[in-house]
Amino acid sequence: MPKIHVVVSQKGGVGKTTLAVNIAAIVSDVLGGNPEQPPVLVASIDPQASAVWWAERGDPDALPFDFDQLDDRPEEVAKLGDLHEYQHIFVDAPGSLARPTVLARALDVATDAIVPVIPEPLAYGPTERTVLDLIQPRDLPYRIVRNLWDRRDGHLDLDALTDWLDEQKLRYTNTIVRRYKMHTTAAAEGRVVTQYPNGRTATEARNDFLALALELGYGGTVA
Ligand SMILES: Nc1ncnc2c1ncn2[C@@H]1O[C@H](COP(=O)(O)OP(=O)(O)O)[C@@H](O)[C@H]1O
Ligand SMILES: [Mg+2]
């Protein structure tokens, strides 16, 4: 059975699509296998579908995972667990409460949820509501991921976010995904972290996703 990870937050622009496609790329790369049949699927349930746009830029076959747009197909989302050809499925959720039915189906079949958050007070409320309203009622394991931290901004906003997460007793990853302009540029060109050019910045930018995939336990097991 594939493991199904829903990347979800009621707030837009926090990095759901960025995390979904880049963790998917790393996991697919690490697990390897036949390029004709990648071990990872990214399923977008966002009707605005920035991820479709990812898949259509450049050469879609160049992406290291399969891609499917399922925002208007809740019955297919409910059956994602039947797709035994995949080891991991990442579901890229919409930023608002658009498509509540399809999002509910995805959360019903999910193995876990990933909730990106950014170090801005306006993101706190929607993050908490996402966990309280959508995740905890299902007893779904989850981790919040602190994204878009810019080291040049210093630690103040990041520390404020971390203190708030601790106060609310919300669970978050040790790994922080830093802001790199390269991620924004790559999105515009339909590239994922495993396709970044060689170089120090690209390596650092990619490392955040490697660390995240490792911390979340998506890299395979010795059974
Ligand atoms: N760590 C990051 N570094 C740089 N840009 C980022 C990072 N995370 C997200 N972005 C950019 O921020 C914007 C919003 O991210 P996106 O993944 O589309 O959010 P969402 O899917 O939650 O709406 C996009 O332009 C994306 O490229
Ligand atoms: Mg998105």
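Our subject is the structure that appears above.
All values reported here derive from a predicted model rather than from experimental measurement.

Some thoughts on the overall build of the protein
Counting its secondary structure elements, the protein contains eight helices and seven strands. Computed over its C-alpha atoms, the radius of gyration of the protein comes to 16 Å, within 12% of the 17 Å expected for a compact globule of 223 residues. Dimensions of the protein along its principal axes, counting C-alpha atoms only, are 45 × 45 × 40 Å. When contacts within the protein are restricted to residue pairs at least 6 apart in sequence, those whose partners lie at least 24 apart make up 81%. Carbon and sulfur atoms form 49% of the exposed surface of the protein, whose accessible area is close to 10,700 Å².

Some details on the nonpolar core
What tends to happen in soluble globular proteins is that the nonpolar side chains get buried as a cluster. Of all hydrophobic cores here, the largest spans 35 residues; its most connected members are V8, I45, V91 and I135. Among the secondary structure elements, those contributing two or more residues to this core are β1 (3-7), β2 (40-44), β4 (88-92), α4 (100-109), β5 (112-117), α5 (124-135), β6 (142-149) and α6 (156-167). Once residues within four sequence positions are removed from consideration, V91 is found in contact with I4, H5, V6, V7, A43, I45, L80 and A106. Grouped together as the second largest cluster of nonpolar side chains are 29 residues, V21, L63, F65 and F90 included.

Brief notes about the pairing of β5
Residues in a regular strand project their side chains so that they alternate between the two faces of the sheet. Summarising burial for β5: six of the six residues are buried, a large majority. Neither face of β5 is left uncovered, since the one carrying D112, I114 and P116 and the one carrying A113, V115 and V117 both have all their residues buried. With five bridges joining them, β5 and β6 adopt parallel strand pairing. Following the sheet pairing, P116 is matched in β6 by V145. Once you follow β5 into α5 and on to β6, the crossover reads as right-handed.

Considering the site of ligand 1
Around ligand 1, a shell composed of 16 residues is seen, among which G13, K16, T18, R178 and T184 lie nearest. Contact distances for ligand 1 include 3.2 Å between an oxygen atom and a backbone N or O atom of V14. The contact in question runs from an oxygen atom of ligand 1 to an N or O atom on the side chain of K16, over 2.9 Å. Protein contact buries 80% of the 560 Å² of open area that ligand 1 shows by itself. At the level of elements, α1 (16-31), β6, β7 (177-178) and α7 (181-189) are the ones that each hand at least two residues to the shell around ligand 1. A breakdown of the residues in the shell around ligand 1 according to their chemical character gives five nonpolar, eight polar and three charged.

A word on unusual backbone geometry
For D139, which is not a glycine, the phi torsion comes out positive at approximately 55 degrees. For D139, the location among the structural elements is in the loop between α5 and β6. You can call D139 exposed: its relative accessible area is 72%. A positive phi angle, close to 55 degrees, is found at K169, a residue other than glycine. As for its placement among the helices and strands, K169 is situated in the loop between α6 and β7.

Some thoughts on α7
Among all positions in α7, only H183, A186 and A187 are buried. An end-on view of α7 places all buried positions within 105 degrees of arc, on one side of the element. Opposite its buried face, α7 presents the exposed residues K181 and T184, each directed more than 90 degrees away. Within two residues after α7, G190 carries a phi angle of roughly 70 degrees, on the positive side.

Calculation rules
- Residues numbered from 1 in each chain as written.
- Chains lettered and ligands numbered in written order.
- Predicted model: local features only at pLDDT ≥ 70, side-chain atom pairs only at ≥ 80, totals over all residues.
- Heavy atoms only, no water.
- Helix = DSSP H or I, 4+ residues; strand = E, 2+ residues; numbered from the N terminus.
- Rg over C-alpha atoms; globule rule 2.2 N^0.38 Å.
- Contact = heavy atoms within 4.5 Å.
- Areas by Shrake-Rupley, 256 points an atom, 1.4 Å probe, with all protein chains shown as cover.
- Core = buried A, V, L, I, M, F, W, Y, C linked by side-chain atoms within 4.5 Å.
- Buried < 20%, exposed > 50% of the residue type's maximum accessible area, 1.4 Å probe, protein only.
- Pairing = 2+ DSSP bridges.
- Right-handed = clockwise from strand over helix to strand, strands pointing away.
- Near = heavy atom within 4 Å.
- Polar contact = N/O pair within 3.5 Å; in protein donor to acceptor, adjacent residues only side chain to side chain.
- Nonpolar A, V, L, I, M, F, W, Y, C, P; charged D, E, K, R; others polar.
- Arc of directions from axis to C-beta.

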